[in-house]
Amino acid sequence: MNRLTVIFVVGLILSGCNSGSRYKMEEVATMNADGFVAKTAFQPTPQASIERKLIKTGSIEFEVDDVQKTKLSVTDLVKQFNGYISSDDQNNYGGSPRYSQIARIPSDKLDDFIAKIEGLAKKVDSKSISTQDVTEEFIDVETRLSTKKELEARYRDILKQAKTVKDILEVETQLNNVRGEIESMEGRLKYLSSQVSFSTLTITYYQTVSGNFGFAYRFFNTFGDGWNSLLDFIIGVLSAWPFIIMTGVIIWLFIRWRRRRKLTT
């Protein structure tokens, strides 16, 4: 039984190493009088036209006249292209309002969407697009997933034939392991499909303000920070009142002791 179990484990390891690019691995589990045997065989897969699986990510940063109006325009464009915004961030450092949004756009519409976004810009500072080819990984996961599902079906057939409690437990253990691998592969395929179907574009735009307004903003902002710091200091002092009272008592006792000592001398 131990020897057959080792053969089975080796078959699983070989299955995990299969790339699925040129050959399809068939992993067959059988049951005989001594236990369970897993055999692995390779078969060439027919060559066919492969649809490339590409993940596109990009970013664009530009200046605008009014960030609030631009935000509304960007939101409308994302909806028009059947996309969605996954992240929205705003800051107002130095009096210059700035928005940063992450949009998920259908990959086949990304170029047209970027062209529309550029039309909102007063000045484009930077733009970049990168493409990652995950075709090989996609095919590999699909092939291994198909193999594992076939193995799962075979285990279910064997489970129906198992007679002893030991055989049933052994098959159920292996079945649970295969089921876990299948769920992991399905999750990976779902993630890859999502990344391929929807491209990710980081859109950053800002509004430049006049120097006088920027100075006034920084002045009042600094004044506000100073006031907040003073309040924090007062709160800190109040929270330390037990230590202040204890220190005052110790100092009073020390002064009293010194005075008595001088009177006695």
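Since we're looking at a predicted model, the values are computed, not measured.

(A) Representation of the pattern of salt bridges. Inspection of every chain in the model, using the stated rule, returns 16 salt bridges. A salt bridge links Lys 123 to Asp 125; the shortest N-O distance between them is 3.8 Å. On the basis of relative accessible area, Asp 125 is assigned to the partly exposed category, the value being 37%. Among the salt bridges present, the one from Lys 148 reaches Glu 181, with a minimum N-O distance of 3.1 Å. Separated by 33 residues along the polypeptide, Lys 148 in helix α4 (residues 135-161) and Glu 181 in helix α5 (residues 165-197) bring together distant segments of the chain.

(B) Representation of the nonpolar core within the structure. The biggest cluster of nonpolar side chains holds 19 residues, and the ones touching the most others in it are Phe 62, Ile 105, Phe 113, Ile 117, Leu 201, Ile 203 and Tyr 205. For this core, the secondary structure elements donating two or more residues are β3 (54-64), α2 (67-80), β5 (98-106), α3 (110-118) and β7 (198-207). Setting aside anything within four residues of it in sequence, one finds Leu 201 in contact with Gly 58, Ser 59, Ile 60, Gln 101, Ile 102, Ala 103, Leu 110, Phe 113, Ile 114 and Ile 129. In this structure, Ile 55, Leu 151, Val 178 and Met 185 belong to the second largest nonpolar core, which totals 16 residues.

(C) Focus on the pairing of β5. Bridge analysis of strand β4 (residues 84-91) against β5 gives seven bridges, and the strand direction is antiparallel. Each bridged residue has a counterpart across the sheet, and for Ser 87 the counterpart in β5 is Ile 102.

(D) Quick look at the sheet that holds strand β6 (residues 123-133). One open sheet accounts for five strands, arranged β4-β5-β7-β3-β6; its pairing is mixed. Looking at which strands have only one partner, the edges of the open sheet turn out to be β4 and β6. Taking the axes of each pair of neighbouring strands and ignoring which way they run, one obtains an average angle of 10° across the sheet. Contacts from α3 reach β3, β5, β6 and β7, with the element oriented near 5° to β7. Relative to β7, α5 is tilted by about 50°, and along the sheet it contacts β3, β5 and β7.

(E) Just unusual backbone geometry, in detail. In the Ramachandran plot, Asn 82 falls in the positive-phi region, its phi being about 60° despite a non-glycine side chain. A residue is classified by how much of its surface remains accessible, and Asn 82, at 51% relative accessible area, is exposed.

(F) Summary view of the environment of Arg 98. By secondary structure assignment, the location of Arg 98 is in strand β5. Residue classification places Arg 98 among the partly exposed positions, given a relative accessible area of 27%. Sequence separation between Arg 98 and Tyr 205 is 107 residues, and the spatial gap between their C-alpha atoms is 5.8 Å. When sequence neighbours within four positions are dropped, the list of residues in contact with Arg 98 reads Glu 61, Asp 89, Gln 90, Asn 91, Thr 204, Tyr 205 and Tyr 206. At a separation of 2.9 Å, a polar atom in the side chain of Arg 98 contacts the side chain of Glu 61.

(G) Quick look at the packing of α2 against α3. Contact geometry for α2 and α3: axes closest at 11 Å, N-to-C directions at 160°. Taken together, the axis directions place α2 and α3 in an arrangement best described as roughly antiparallel. Crossing of α2 against α3: the hand is right-handed. Seen from α2, the contacting residues are Val 74, Leu 77 and Val 78; seen from α3, they are Phe 113, Lys 116 and Ile 117. Counted by class, the contact of α2 with α3 contains five nonpolar, no polar and one charged residues.

(H) Fine view of the packing of α4 against α5. As a packed pair, α4 and α5 sit with axes 9 Å apart at the nearest point and diverge in direction by 155°. With respect to each other, α4 and α5 are oriented roughly antiparallel. Viewed along their axes, α4 and α5 form a crossing whose handedness is left-handed. Broken down by class, the residue content of the contact of α4 with α5 amounts to 15 nonpolar, two polar and 12 charged.

(I) View of the packing of aromatic side chains. Inspection of every chain in the model, using the stated rule, returns four aromatic pairs. A centroid spacing of 5.7 Å and a plane angle of 20° characterise the contact between Phe 62 and Tyr 205, whose relative ring orientation is stacked. Taken together, the residues Phe 62 in strand β3 and Tyr 205 in strand β7 connect sequence positions 143 residues apart. Grouping residues by exposure puts Phe 62 and Tyr 205 together as buried. When the ring of Phe 81 is compared with that of Phe 113, the centres are 5.4 Å apart and the planes differ by 80°; the resulting orientation is edge-to-face. Here Phe 81, found in the loop between α2 and β4, pairs with Phe 113, found in helix α3; they are 32 residues apart in sequence, far enough to count as distant. A relative accessible area of 11% means that Phe 81 is categorised as buried. Over the ring of Phe 138 we find Lys 53, and its NZ or CZ is 4.8 Å from the ring centre.

Analysis parameters
Residues numbered from 1 in each chain as written. Predicted model: local features only at pLDDT ≥ 70, side-chain atom pairs only at ≥ 80, totals over all residues. Heavy atoms only, no water. Salt bridge = Lys/Arg side-chain N within 4 Å of Asp/Glu carboxyl O. Buried < 20%, exposed > 50% of the residue type's maximum accessible area, 1.4 Å probe, protein only. Helix = DSSP H or I, 4+ residues; strand = E, 2+ residues; numbered from the N terminus. Core = buried A, V, L, I, M, F, W, Y, C linked by side-chain atoms within 4.5 Å. Contact = heavy atoms within 4.5 Å. Pairing = 2+ DSSP bridges. Axes fitted to C-alpha atoms, helices over the stretch in contact; angles between N-to-C directions. Polar contact = N/O pair within 3.5 Å; in protein donor to acceptor, adjacent residues only side chain to side chain. Parallel < 35°, antiparallel > 145°, perpendicular 65-115°, else oblique. Left-handed = near helix turned anticlockwise from the far one by under 90°. Nonpolar A, V, L, I, M, F, W, Y, C, P; charged D, E, K, R; others polar. Phe/Tyr/Trp six-rings, centres within 6.5 Å; stacked < 30°, edge-to-face > 60°. Lys NZ or Arg CZ within 6 Å of the ring centre and 35° of its normal.

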